[in-house]
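Coordinates in review
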Amino acid sequence: MSEDKLWVNVNFDMRNQLKLFVGERSKTQFDSGCKMFDIFLKDTFRFDEIKFQNFYTGYITIKVKERFSKDTNNEWKLILKRYKLMANVHGETGANQIFTISKDMFLDKDVNNISQLRFILQQPSFYWKDFGIDDIKLKALNTDLSIEKVLEDFSKKSEKVKIKKIEKIPPIDVLSTRLQNLWILSNEASKQVKSKIEDNPRFDIDGCYDVNLLSVNHSQN
Amino acid sequence: MDAEAQYKLGTELSEFVTNSQAYYEFFQNVQEIVTTASDLSLINMNEVLMDKIKSSASSRAITNIIFYNHKLNSIDENGPVSTTYLGKAQTQWEKKLIKSMNSICTELNMPLAKKRSILEGQELKKIWNELGTNVSDLKKFRPIFSINEIFDHILSIKCNNLTDLAFKSITGLISVPIRIKPFDELKKQYEKMSLEYFQSGLDENLNSLIEQEKHKNGIKVVEINDIIMTKEFSKTGCTRSLRGKLWAQILNVNVENLDKIYYNYLKQCVFDYDLLIDSIYYKDVKTKAVNDDQVFVFEDLLYQVLLLFTRDTHLLKLYENKSIQIPKAYIRPKNGDQRYHPVFYPPNGFLPFEGFTLLVTPICYVYSDPILLYYIFRKFFVTHFYKLSIISSDPQSIIGLCALFENILQSKDPKLFFHLRKLDIQPLRIAFKWIIRAFSGSLLSSQLLELWDRILAFNSLEILSVFAAGVFMYRRQNLMSITNKSHVESILDDLTSLKVVAILQLVFA
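Values in this document were obtained by computation on a predicted structure and should not be read as measured data.

About the thresholds
- Residues numbered from 1 in each chain as written.
- Chains lettered and ligands numbered in written order.
- Predicted model: local features only at pLDDT ≥ 70, side-chain atom pairs only at ≥ 80, totals over all residues.
- Heavy atoms only, no water.
- Core = buried A, V, L, I, M, F, W, Y, C linked by side-chain atoms within 4.5 Å.
- Buried < 20%, exposed > 50% of the residue type's maximum accessible area, 1.4 Å probe, protein only.
- Helix = DSSP H or I, 4+ residues; strand = E, 2+ residues; numbered from the N terminus.
- Contact = heavy atoms within 4.5 Å.
- Arc of directions from axis to C-beta.
- Pairing = 2+ DSSP bridges.
- Phe/Tyr/Trp six-rings, centres within 6.5 Å; stacked < 30°, edge-to-face > 60°.
- Lys NZ or Arg CZ within 6 Å of the ring centre and 35° of its normal.

1. Overview of the nonpolar core
- Within the largest apolar cluster, 202 residues are counted, with the highest numbers of intra-cluster contacts made by Phe47, Ile50 and Leu117 of chain A together with Tyr345, Phe381, Trp452 and Phe472 of chain B.
- Per-element tally for this core: the top contributor is helix H5 (residues 85-108) of chain B, with ten residues.
- Once residues within four sequence positions are removed from consideration, phenylalanine 381 of chain B is found in contact with Phe309, Leu315, Leu318, Tyr319, Phe350, Phe356 and Tyr386 of chain B.
- Counting eight residues, the second largest nonpolar core, distinct from the first, contains Ala22, Ile53, Ala61 and Ile62 of chain B.

Put into structure tokens, the structure is as follows:
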């Protein structure tokens, strides 16, 4: 299931993440612990998944507005309410995690033709200087891709993965001493077949492992 | 978990299962049932087969595999992202270790790895069961990093998104705002540690009848071989005679034929390649284990385990999907290829701390078969012990355990905590060396195994922090009477008289 086939990115415009205040007194010390921002969809007016990286946001609420609503008021529809992002708002867990909100998690699954999304972020803890969410991506399932085609691809793929039978190997101690070389051979041979052996790749290259110094600049590759 | 990850997990798991020997046996078992079952007909085939399969031992082996691997995969979903301060701290730490390793290597003017000649390999093969005699001068080797170094590094980590107010409210040494389980939650989770339950390692002296009963139940549990049941049983301690079997079941270690072959392959790797890190392990064994009258007999076994461990690339998988970088080196193969190729060093990607050997010694008490011993240790490491030297927001990692320790001690005995702080004593500084070695080397071996029983049964290292706090609480009277910083060492230096279970009960009471 490669991503570029099944999923398409949805383009959108985003407004700044603004802190909310009570009244107009933005200069006061009072911290509401609440932020809000909107997203406007540009060409595709549907999505099946929202992906983002958290930055110390405790809870998230998402509302959507539909484009051609029968309802004349065209009110906001709630699709996610106070969803917990951090296991404990005072703690680190989840604070920098990447989250995926899929359509199954929406409260109202029957939303179509969405023009606008409103995100409401909450962080009740006084621990953190700032909070928000970054790197937001909206993704939609590729409708051009029919289910038949997906299934076809899948079955083609699974045909390739042959099930490997494991034969019982009699008197193991005798065999194992002789099998040293075979092990290496079979290791080569089994590169196509995912197996237990392939999980443990060889550490040397063509019988060479003359290591002199470790590479300090190790963050690359 | 999103749909994609679920799909990936599903396919990986089914591939893993179909490649296991258990699956093969299961298949045979089904065939056997089909041919032998008398009440089987085409009409009821489905139900009858399903019924029989469900109750068969071979299908339980498969559920155990699935349970174990699924649980393993779901633990570290929220590892640190490399751009966060914790990820950066981990990277910094890795760089420090690499520098340390390189400086050892240049000081000694020795390569990190080289091929042994065939003769050397054969010599080594001959003395495989007495590797202790192989040791030359180890004076010049030093550990890659000491426990104090990692401790200081952990203390230096600061979260830059903390408000001043939050910063002031931190009373312990750990300033990473990691989520600590509230004590009530912990108590509930460790309910089986309460006084109401019969505990091996403590109560058998009081009531031999219950002990016999427990042993009888234990035999049944071993027979049934169901991970969840085994865990429940072991929460009140494994009886000594069954410990080996129970541990293997909880860790889901079955040494299959392929594993035996792989073990021998690793052995061959030892004969083929000489690694600098071997000498560091040798030295660690010599200084930590050989001097200890409880464990010196295991010297040769320890070398065997550790030498294979360094060469086992199985461990590399552990660091996938986490922001951990494995030390790399570039080599030019001898086949005429002029390019440099990256290789991992050591092959298992793990650089040990001073006293790492102590994490192996207790297992030597339980298993005498070197192959089983090796696989048990490896599983122990990949499920629990690797977390003791990585920097992560996972509450089970070393930072989380430290924070938990400070939190329990402060909340259970604030007077003691602040008394010590007033004398400029940091309880964590003392407890850290216990926790990072999982108390190995500090306790009496029988007591240590009781503690490790609980690590496995509750599937968590948290018990180490709980116990460390318990030790302070237990020695409270002595600690409260001290007026000088130097006395604290003498009170907490010798823990060999402690009863693990009693102290855990004290904390949870």
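2. Structural notes on helix H19 (residues 414-422) of chain B
Residue and element names in this part refer to chain B.
- Among all positions of H19, only Leu416, Phe417, His419 and Leu420 are buried. Mapping the buried residues of H19 onto a view down its axis gives an arc of 165°, with all of them on the same face. Turned more than 90 degrees from where H19 packs its buried face, Lys415 and Lys422 sit exposed.
- If you follow the buried residues of H19, they end up packed against helix H18 (398-412), helix H20 (427-436), helix H22 (462-474) and helix H23 (476-481).
- One or two residues past the end of H19 sits aspartate 424, with phi positive at roughly 65°.

3. Focus on the pairing of strand S5 (residues 49-55) of chain A
Residues and elements named next belong to chain A.
- Among the seven residues in S5, five count as buried, and that is most of the element.
- Across five bridges, S5 lies against strand S8 (residues 98-102) in antiparallel orientation. Following the sheet pairing, glutamine 53 is matched in S8 by isoleucine 98.
- For S5 and strand S10 (residues 132-141), the ladder comprises six bridges, and the chain directions are antiparallel. Residue pairing for S10: lysine 51 is matched across the bridge by lysine 137.

4. Quick look at the environment of leucine 444 of chain B
- Note on placement: leucine 444 of chain B falls in the loop between H20 and helix H21 (445-457).
- Considered as a pair, leucine 444 of chain B and serine 497 of chain B are 53 residues apart in the sequence and their alpha carbons are 7.5 Å apart.

5. A look at the packing of aromatic side chains
- Summed over all chains, the structure comprises 45 aromatic pairs over all chains.
- Ring geometry for tryptophan 93 of chain B against phenylalanine 145 of chain B: centres 4.9 Å apart, planes inclined by 90°, an arrangement best described as edge-to-face. Of this pair, tryptophan 93 of chain B sits in helix H5 while phenylalanine 145 of chain B sits in the loop between helix H6 (118-126) and helix H7 (147-155); the two residues are 52 residues apart in sequence, bridging distant segments of the chain. There is no split in this pair, since tryptophan 93 of chain B and phenylalanine 145 of chain B are both buried.
- Aromatic side chains tryptophan 434 of chain B and phenylalanine 472 of chain B sit 5.9 Å apart centroid to centroid with 55° between the ring planes, which places their arrangement in the tilted category. Taken together, the residues span a long stretch of sequence, with tryptophan 434 of chain B in helix H20 and phenylalanine 472 of chain B in helix H22 at a distance of 38 residues.
- Classification of phenylalanine 472 of chain B as buried rests on a relative accessible area of 0%.
- Here the aromatic residues Trp93, Phe145, Tyr281, Phe309, Phe350, Phe353, Phe356, Phe377 and Phe381 of chain B are joined through ring pairs into a cluster of three or more.
- The side chain of lysine 35 of chain A reaches across the aromatic face of phenylalanine 131 of chain A, ending 5.1 Å from its centre.

Everything listed is a geometric property; what it means functionally is a separate question.
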